[in-house]
Amino acid sequence: MGRLLIAPLLAEFLRRYPALSVDLLLVDRAVDTVEEDIHLAIRIGRLRDSQLVARKLADLRMIVCASPDYLARRGTPRAPADLVHHDCLVFSDAPGSAEWRFADDGKAGRKIRISGRLWMNSLEALATVAKEGAGIVRVPSWQVEADLAAGRLVRLLTDYEPAPVPLHVMFQPSRLASPKIRAFADYLVERWRGIDPFGAQPRADP
């Protein structure tokens, strides 16, 4: 997300606020904003009880997709239960059993145990392998928007997609009065205003 959605917005922010500088840290973990002296953090998902101030940026959707080549060879799953007969590409730090969540009669919470053949701790790498026909992948919609538009990937099981998850920018209440923190938070909210939860990216131009 930092590379694809945050970084493209920084040039305009720096032009708009020439007295400010930005240090962007890209990590796949929840940071301790106090211990690590992080001014703002971007987090995906439902928020747990927290002392942090949160401002919602958008809703993001997890989707299932595969390449036309893979679907031609292995067929197209029509329901989540069909995934047991397919090669799935799994986002994980270690191989093992995996479950994907789907909506059931309009409700999120139905978990399907999937048959994984490849595990990676990089969503970008998983999407690349999926484009080469290795299997079915579950990724954030923004990760593969261009590939879907170009036909390199095909979106699957759309009737079973769970509800979008929120994206927030978060910071310590003690930093609330800081003009530079407010400026960057306001800028992100502005750029994400009107984002399509089905995959459209925030605007990168003024």
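Participant: Teacher, can you tell me more about the pairing of strand S10 (residues 165-171) here?
Facilitator: Consecutive residues of a regular strand have side chains that alternate between opposite faces of the sheet. Across the seven residues that make up S10, a large majority, six, are buried. As paired strands, strand S2 (residues 53-60) and S10 are joined by seven bridges and run antiparallel to one another. Across the sheet, residue Leu60 finds its bridge partner in S10, namely Val165.

Participant: What is the right way to look at the side chain of Asp147 in this model?
Facilitator: By the element assignment, Asp147 lies in helix H4 (residues 145-150). Asp147 has contacts with Lys131, Arg152 and Leu153, leaving out every residue within four places of it along the chain.

Participant: In this structure, what is going on with the sheet that holds S10? I would like to understand it.
Facilitator: Backbone hydrogen bonds are what pair the strands of a sheet, in a parallel or an antiparallel way. Strands sit in the order S1-S10-S2 across an open sheet of three strands; the sheet is antiparallel. Each having just a single partner strand, strand S1 (41-44) and S2 make up the two edges of the open sheet. If you compare each strand with its neighbour and ignore which way they point, the axes differ by 25° on average. Packed on one face of the sheet, helix H5 (residues 179-192) meets S1, S2 and S10 and runs near 20° to S2.

Participant: When you look at a nonpolar patch on the surface in this model, what are you seeing that I'm missing?
Facilitator: Side chains of Leu14, Val22, Leu24 and Leu26 sit close together on the surface and give an oily, nonpolar patch of about 310 Å² of accessible area. Assignment of secondary structure puts Leu26 in the loop between helix H1 (2-16) and S1. With a relative accessible area of 52%, Leu26 lands in the exposed category.

Participant: Mind showing me how you'd approach the sheet that holds strand S4 (residues 88-91) here?
Facilitator: The five strands are arranged S7-S4-S8-S3-S9 in an open sheet whose pairing can be described as mixed. Strands with a single pairing partner mark the edges of an open sheet, and in this sheet they are strand S7 (116-120) and strand S9 (154-156). Recorded for the sheet is a direction-independent mean angle of 40° between the axes of neighbouring strands. Its contacts with the sheet place helix H3 (residues 123-131) against S4, S7 and strand S8 (136-140), and it is angled at close to 170° to S4.

Participant: Explain the packing of aromatic side chains here, please?
Facilitator: Each aromatic ring pair is characterised by the separation of its centres together with the angle its planes make. According to the stated counting rule, one finds three aromatic pairs in the structure shown. Aromatic pair Phe13 and Tyr17: ring centres 5.0 Å apart, planes at 45°, arrangement tilted. Assessed through its relative accessible area of 1%, Phe13 is described here as buried. Aromatic side chains Phe13 and Tyr187 sit 5.2 Å apart centroid to centroid with 55° between the ring planes, which places their arrangement in the tilted category.

Participant: Which parts of the structure should I look at to understand unusual backbone geometry?
Facilitator: Only a minority of non-glycine residues have a phi that is not negative, and only a minority of peptide bonds are not trans. A positive phi angle, close to 55°, is found at Asp37, a residue other than glycine. You can see Asp37 is positioned in the loop between H1 and S1. Located in the positive-phi region is Leu157, a residue other than glycine, with phi close to 55°. On the basis of relative accessibility, which here comes to 8%, the residue Leu157 falls in the buried class.

Participant: Could you clarify how one ought to interpret the confidence of the model for the chain in this entry?
Facilitator: Low-pLDDT stretches of the model should not have their predicted coordinates read in fine detail. Across the chain, pLDDT averages 85, with 89% of residues at or above 70. Averaged pLDDT values over the elements of the chain bottom out at 76 in strand S6 (residues 107-114) and peak at 97 in helix H2 (residues 68-74).

Participant: I tried to follow the pattern of salt bridges on my own but got confused; where do I start?
Facilitator: Two side chains bearing opposite charge may form a pair once their charged atoms approach each other closely. Applying the stated criterion across every chain, the model contains 15 salt bridges. For Asp186, the salt bridge identified is with Arg55, shortest N-O distance 2.4 Å. Pair noted here: Asp186 is in helix H5 and Arg55 is in strand S2, with a separation of 131 residues, a long-range link. With a relative accessible area of 29%, Arg55 lands in the partly exposed category.

Participant: Explain the environment of Gly75 to me, please; I cannot follow it from the model alone.
Facilitator: Among the secondary structure elements, Gly75 is positioned in the loop between H2 and S4. The spacing of Gly75 and His86 is 11 residues in sequence and 8.8 Å in space, taken between C-alpha atoms. For Gly75, the residues in contact, after removing those within four places along its chain, are Tyr70 and His86.

Reading guide: rules and limits
- Residues numbered from 1 in each chain as written.
- Predicted model: local features only at pLDDT ≥ 70, side-chain atom pairs only at ≥ 80, totals over all residues.
- Heavy atoms only, no water.
- Buried < 20%, exposed > 50% of the residue type's maximum accessible area, 1.4 Å probe, protein only.
- Helix = DSSP H or I, 4+ residues; strand = E, 2+ residues; numbered from the N terminus.
- Pairing = 2+ DSSP bridges.
- Contact = heavy atoms within 4.5 Å.
- Axes fitted to C-alpha atoms, helices over the stretch in contact; angles between N-to-C directions.
- Patch = residues over 30% accessible without salt bridge, like charges linked within 9 Å, V, L, I, M, F, W, Y side chains within 5 Å.
- Areas by Shrake-Rupley, 256 points an atom, 1.4 Å probe, with all protein chains shown as cover.
- Salt bridge = Lys/Arg side-chain N within 4 Å of Asp/Glu carboxyl O.
- Phe/Tyr/Trp six-rings, centres within 6.5 Å; stacked < 30°, edge-to-face > 60°.
- pLDDT = per-residue confidence, 0-100.

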